Amino acid sequence: MSLTKQTFELHKATRLRLIEFLEKLSPEQLAKIPNGFHNNVLWNIAHCIVTQQLLCYKLGNITPLITDEFIETYRKGTFPKEYLPTKEEINNIKELLISTQEQLKSDYEKGIFQQYNTYMTSYGFELTCIEDAINFNNIHESMHLGSIIALNYFL
């Protein structure tokens, strides 16, 4: 199975929506955890970057494009630190949203994903190849975009 151009366009569209929140919300709003929630807007956005890297690169036996520290801070099962992000951190996350999206598309088109370690998601969907991972990642990021939209109502 190969992916269509639309698969990558959908990923790009989701990433652009995430960037809109980074640009319109203050550091205080990005860091706020409203009552009833376990995380904040910033964590959700950074978590999307980490999950894409783990699902596509790490499970494909390729070194992720982000640091181990970034992965450990925003991977599944983590919670946001209580601090205000700096403009530099926000800009770095914005840049990673763009660069990791573009690099994934380029790497897929180059055919660098030759191996894949099967993985059962907490969603109950088994990933058996890079195409599964990329398609599932789009669903995952859309789910977190929905969480961000909900969080935004309480900021």
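Residues numbered from 1 in each chain as written. Predicted model: local features only at pLDDT ≥ 70, side-chain atom pairs only at ≥ 80, totals over all residues. Heavy atoms only, no water.

## Concerning the overall build of the protein
To be explicit about the condition: Working definition: helices are DSSP H or I runs of at least four residues, strands are E runs of at least two. Numbering for both runs from the N terminus. We take the radius of gyration over the C-alpha atoms and set the globule estimate at 2.2 Å times the residue count to the 0.38 power. Contacts are residue-level and defined by heavy atoms, with any inter-residue pair within 4.5 Å sufficient. To be clear on the numbers: accessible area is Shrake-Rupley with a 1.4 Å probe, and residue cover counts the displayed protein chains and nothing else. Under this rule, positive means Lys or Arg and negative means Asp or Glu; His and the chain ends count for nothing. Just so you know, the charge point we use is NZ for Lys, CZ for Arg, CG for Asp and CD for Glu.
Helices and strands together make up the secondary structure of the protein, namely six helices and two strands. Ordering the α and β elements of the protein from the N terminus gives α-α-α-α-α-β-β-α. In terms of overall size, the protein behaves like a compact globule, its C-alpha atoms giving a radius of gyration of 15 Å where 155 residues would be expected to give roughly 15 Å. Each principal axis of the C-alpha atoms in the protein carries an extent, and together these give about 45 × 30 × 25 Å. Of the contacts made within the protein by residues no fewer than 6 positions apart, 73% connect residues no fewer than 24 positions apart. A total of about 8400 Å² of accessible surface is found on the protein, and carbon and sulfur atoms cover 52% of it. In the protein, 14 positive and 18 negative side-chain charges are present, and the distance between their average locations comes to 4 Å.

## Digging into the UniProt feature "domain: DinB-like" (unreviewed entry) in the protein
Here is the rule we go by: UniProt positions are given in the numbering used here, feature names are shortened, and annotations may be inferred rather than shown by experiment.
Residues given the UniProt feature "domain: DinB-like" (unreviewed entry) here are residues 13–148. For residues 13–148, helix accounts for 62% and strand for 3%, while the C-alpha atoms at its two ends are 15 Å apart.

## As for helix α3 (residues 41–57)
Threshold: Any helix carries an expected span of 1.5 Å times its number of residues minus one. Summary of the burial criterion: residues with accessible area below 20% of their type's maximum are buried, those above 50% are exposed, and those between are partly exposed, where the area comes from a 1.4 Å probe applied to protein chains only. Here a polar contact is recorded for every N or O atom pair within 3.5 Å, except that within protein the pair must consist of a potential hydrogen donor and a potential acceptor, and residues adjacent in sequence are included only if both atoms are side-chain atoms.
The end-to-end C-alpha distance of α3, which contains 17 residues, comes to 24 Å, matching closely the 24 Å that a straight helix rising 1.5 Å per residue would cover. Within α3, 17 of the 17 residues are buried, leaving the element largely enclosed by the surrounding structure. For α3, the side-chain oxygen to backbone nitrogen distance between the N-cap and L42 is 3.3 Å, and the N-cap itself is N40.

## Details of helix α5 (residues 87–110)
Residues spaced three or four apart along an α-helix point in a common direction, a consequence of the helix completing one turn every 3.6 residues. Between its first and last C-alpha atoms α5 spans 34 Å; for 24 residues at 1.5 Å apiece the expected length is 34 Å, and the two agree. For α5, every residue scored as buried is listed here: I90, I93, K94, L96, L97, T100, Q101, L104, D107 and Y108. Tucked inside the fold, the buried residues of α5 contact α1 (5–24), α2 (27–31), α3, α4 (68–74) and α6 (130–152). Residue G111 follows α5 closely and has a positive phi angle near 80 degrees.

## What to know about the packing of aromatic side chains
Operational definition: Under the pairing criterion, centres of Phe, Tyr and Trp rings, with the six-membered ring standing for Trp, must be within 6.5 Å; the plane angle then separates stacked pairs below 30 degrees from edge-to-face pairs above 60, leaving the rest tilted.
Going through the model one piece at a time under the given rule, you end up with five aromatic pairs. Here the aromatic rings of F8 and Y108 are separated by 5.6 Å at their centres, their planes lie at 45 degrees, and the arrangement is tilted. A residue pair is termed long-range when its members are at least 10 positions apart, and F8 in helix α1 and Y108 in helix α5 qualify at 100 residues. In this structure, F8 and Y108 share a single accessibility class: buried. Their ring planes at 65 degrees and their centres at 5.2 Å tell us that Y57 and F113 sit as a pair that is edge-to-face. One end of the pair, Y57, is in helix α3; the other, F113, is in the loop between α5 and β1 (119–120), and 56 residues separate them in sequence. There is no split in this pair, since Y57 and F113 are both buried.

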